[in-house]
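Here are the chains, one letter per residue:
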Amino acid sequence: MKISRRPLSNNLWRLKTLVLEIKNKERLKARLKRRAKNIIHDPSRILVLSFLGIILLGAFLLSLPISAENKNVSFIDALFTSTSAVCVTGLATIDVGREFNLFGEIVLLSLIQIGGLGIMTLSIIFMMMAGKRLSLTEKDVIQDTYTHGGQRSPATIAKEVLQFTLIIEGIGAALLACRFVPEQGLVKGVYSAVFHSVSAFCNAGFALFSNSLENYKTDWIVSLTISSLIILGGIGFLVLAEIWRRLPYTRERIRRLSLHTKLVFVTTAILIIFGTVSIAFLEWENTLAELAPCHKILCAYFQSVSTRTAGFNTIPIGGMTGVSLLICILLMFIGACPGSCAGGVKTTTAATLTLLAISKLRGHEYTKIFCRTIPNQSITRAINVVLISMTLVGASVMLLLISEFKGLSPSESQGGLMTILFETVSAFGTVGLSMGITSKLTVLGKLIISGVMFIGRLGPLMIAIAISRKSQAAFFYAEENIMIG
């Protein structure tokens, strides 16, 4: 009698298929776990996801009826405003002083403070207050953000960040209250002083007045207080902490300042002086024509400080000459200092590349300043930051020209390139100055500018690192020279 083996073979085939399916599922789970682990333990990706999360939460709160003064703000405008606040930029498609009520303004102020201090810094402060220990990832994030060598403990850094912020913003609010309280009353004046102090120190540039600070262009208290807050917020917490620890100043203690701090101070002073002299010279008979000479210098100084980082204005930006606008674009692209509340390619980056060019022109092999040599790793990073930033700005300008001026004749779109370039660099440098095109942007244009603000706040190099896959080449090709220049 012949026995059929087909049922047995079918069962074995099904069993093998089931085993393979289980193995594939286990491999897929393991792969997903590895990817999730890589995301969780990558400081740059944590920072990107944290900022995205708080931006979306802020957009949701600002779009609620409870935040609006009269009618609800559209979600796209709420998203743009939330991005601008968290990225401490100051660009707005709506008049925040009129569209938002007290609750909306408090949400906006909270977003500015969170964006200025950094989401990870705040979370670490809260965990320390609760008695929890920091993970290695959280230590990496705080050290990468606020130090250049990782010599300080995250706990010390976080405490100093909070202390400096509260002290400086408190002093700034007290000085501004001396001017705002007599004008607006006690409660409203104190609130306005606190709002503008936080906005200035965080380099956000948001103001509760429709024309920014143009009404205070001849007010020495407001102008000098706001500009001082901007400078302190743009220098960086590392520099502030080092300057504080060197008190009282002596010649020896000043000489022992780190190279980073020396470079920050010298570059910041040069940029402020250059901007002040240039704006005063070019706008003396233009936007500054009706002012007294001392007030002209005050406005030029204020605009020079604000243009690099904050975005407040005491003179109408749209009325400035073309050369002045180009100088403003250069200052906005450079921005403030690393580890600060501001964006841009940073002052140390611009200084490093300038010193590199000077060294090469003189035939020197190494880049030196203040009896120190800048390492090649820092120079390479500076070059990468500038190249990525220029690529980002160029691509964004082209996209905005397509989205905003598509179908228009050259005569109708005349002047559009300067306006779009100014807006894009302002968004990238998280400055917030505008020639008046922000409220007229299309939905696509608002999304593009929001993306530029986001990348400008976190830094183009950090974004590139966060989205790139880290792999090491197994081999290298042979070198061959090419002609350069």
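What comes next concerns the included structure. This is a predicted model, so every value here is computed, not measured.

### Looking at the overall build of the protein
Helix and strand counts for the protein stand at 20 helices and two strands. The buried share of the protein, reckoned over its 485 residues, is 49%. Here the contacts in the protein between residues at least 6 apart in sequence split such that 71% fall between residues at least 24 apart. Carbon and sulfur atoms provide 64% of the accessible area of the protein, an area that totals close to 25700 Å².

### A short note on the pattern of salt bridges
Close approach of charged atoms allows side chains of opposite charge to pair. Counted by the stated rule, this structure contains three salt bridges. The residue Asp95 makes a salt bridge to Arg98 at a minimum N-O spacing of 3.6 Å. The salt bridge involving Asp219 is made with Arg179; its shortest N-O contact spans 2.6 Å. Of the two residues, Asp219 is situated in the loop between α9 (186–201) and α10 (220–235) and Arg179 in helix α8 (residues 154–184); the sequence distance between them amounts to 40 residues. We classify Arg179 as partly exposed; its relative accessible area is 27%.

### What to know about the nonpolar core
Counting residues in each nonpolar core, the largest one holds 66 residues, and the members touching the most others are Ile112, Phe206, Phe422 and Ile449. For this core, the element with the highest residue contribution is helix α2 (residues 43–62), accounting for seven residues. Filtering out sequence-adjacent residues up to four positions away, Ile449 remains in contact with Phe80, Leu91, Leu400, Glu423, Thr424, Ala427 and Leu441. By size, the runner-up hydrophobic cluster in this structure holds 33 residues, among which are Ala193, Ala200, Leu229 and Phe302.

### As for the packing of helix α13 (residues 259–283) against helix α16 (residues 347–361)
In contact at an axis separation of 9 Å, α13 and α16 are set at 90° when each is read in the N-to-C sense. Relative to α16, the element α13 lies roughly perpendicular. On α16, the residues touching His260, Leu263, Val264, Thr267, Thr268 and Leu271 of α13 are Thr347, Thr348, Ala351, Thr352 and Leu355. Here the residues of the contact of α13 with α16 sort into five nonpolar, six polar and no charged.

### A look at a nonpolar patch on the surface
A contiguous nonpolar surface patch, about 360 Å² in accessible area, is contributed by Leu186, Val187, Val190 and Val194. Looking at the element boundaries, Val190 is found in helix α9.

### Describing the environment of Ala174
Assignment of secondary structure puts Ala174 in helix α8. On the basis of relative accessibility, which here comes to 46%, the residue Ala174 falls in the partly exposed class. A C-alpha to C-alpha distance of 8.1 Å links Ala174 and Val190, two positions 16 residues apart in sequence.

### As for unusual backbone geometry
Of note in the backbone geometry, Lys346 takes a positive phi value of approximately 85° without being a glycine. Relative to the helices and strands, Lys346 resides in the loop between α15 (322–334) and α16.

### Some words on the packing of aromatic side chains
Tallying each qualifying case throughout the model produces five aromatic pairs. Between the aromatic rings of Tyr191 and Phe195, the centroid separation amounts to 6.3 Å while the plane-to-plane angle is 50°, which identifies the pairing as tilted. With a gap of four residues between them, Tyr191 and Phe195 both fall in helix α9, about one helical turn apart. Exposure remark for Tyr191: the relative accessible area of 22% places this residue in the partly exposed category. Relative accessible area serves as the criterion here: at 0%, Phe195 is assigned to the buried category. Between Phe209 and Tyr216, the ring centres sit 5.7 Å apart and the planes meet at 45°, which makes this aromatic pair tilted. Linked through ring pairs, Phe180, Phe209 and Tyr216 together constitute an aromatic cluster.

### Description of the side chain of Ser199
You can see Ser199 is positioned in helix α9. On the accessibility criterion, Ser199 (0% relative accessible area) is buried. Reaching out from Ser199, the side chain makes a polar contact with the backbone nitrogen of Gly205 at a distance of 3.3 Å. With sequence-adjacent residues up to four places away left out, Ser199 is seen in contact with Ile112, Ala204, Gly205, Phe206 and Phe312.

Criteria and thresholds
- The residue count restarts for each chain, going from 1 along the sequence in the order it is written.
- Owing to the predicted nature of the model, reporting of local features is limited to residues with pLDDT of at least 70; listing and counting of side-chain atom pairs is limited to 80 or more, with chain, interface and lining totals taken over all residues.
- Values shown for side chains rest on all heavy atoms present in the structure; no hydrogens or waters enter the calculation.
- Numbering of helices and strands runs from the N terminus; a helix is a DSSP stretch of H or I covering at least four residues, while a strand is a stretch of E covering at least two.
- Burial classes: relative accessible area under 20% of the type maximum marks a residue as buried, over 50% as exposed, and values in between as partly exposed (1.4 Å probe, protein chains only).
- Contact definition: two residues touch when any of their heavy atoms are within 4.5 Å.
- Here the open area of atoms and residues is found with the Shrake-Rupley method and a 1.4 Å probe, where only the protein chains shown may cover a residue.
- By convention in these notes, a salt bridge is any Lys or Arg side-chain nitrogen within 4 Å of a carboxyl oxygen on Asp or Glu.
- Take the buried Ala, Val, Leu, Ile, Met, Phe, Trp, Tyr and Cys residues and link them wherever side-chain atoms come within 4.5 Å; each set so joined is a nonpolar core.
- Axis definition: a line fitted to C-alpha atoms, limited for helices to the stretch in contact. Angles are taken between N-to-C directions and run from 0 to 180 degrees.
- Any angle that falls under 35 degrees is termed roughly parallel, while one over 145 is termed roughly antiparallel, one within 65 to 115 roughly perpendicular, and all others oblique.
- Three categories are distinguished: nonpolar for Ala, Val, Leu, Ile, Met, Phe, Trp, Tyr, Cys and Pro, charged for Asp, Glu, Lys and Arg, and polar for the others, with Gly belonging to the last.
- For patch detection, residues must exceed 30% relative accessible area and be free of salt bridges, and they are connected within 9 Å for like charges or within 5 Å for nonpolar side chains (Val, Leu, Ile, Met, Phe, Trp, Tyr).
- Centres within 6.5 Å make a pair out of two Phe, Tyr or Trp rings, where for Trp the six-membered ring is used; the pair is then stacked when the planes are under 30 degrees apart, edge-to-face when over 60, and tilted otherwise.
- In protein, a polar contact requires one atom able to donate a hydrogen and another able to accept it; more generally it is a pair of N or O atoms within 3.5 Å, and residues adjacent in sequence count only if both atoms are side-chain atoms.

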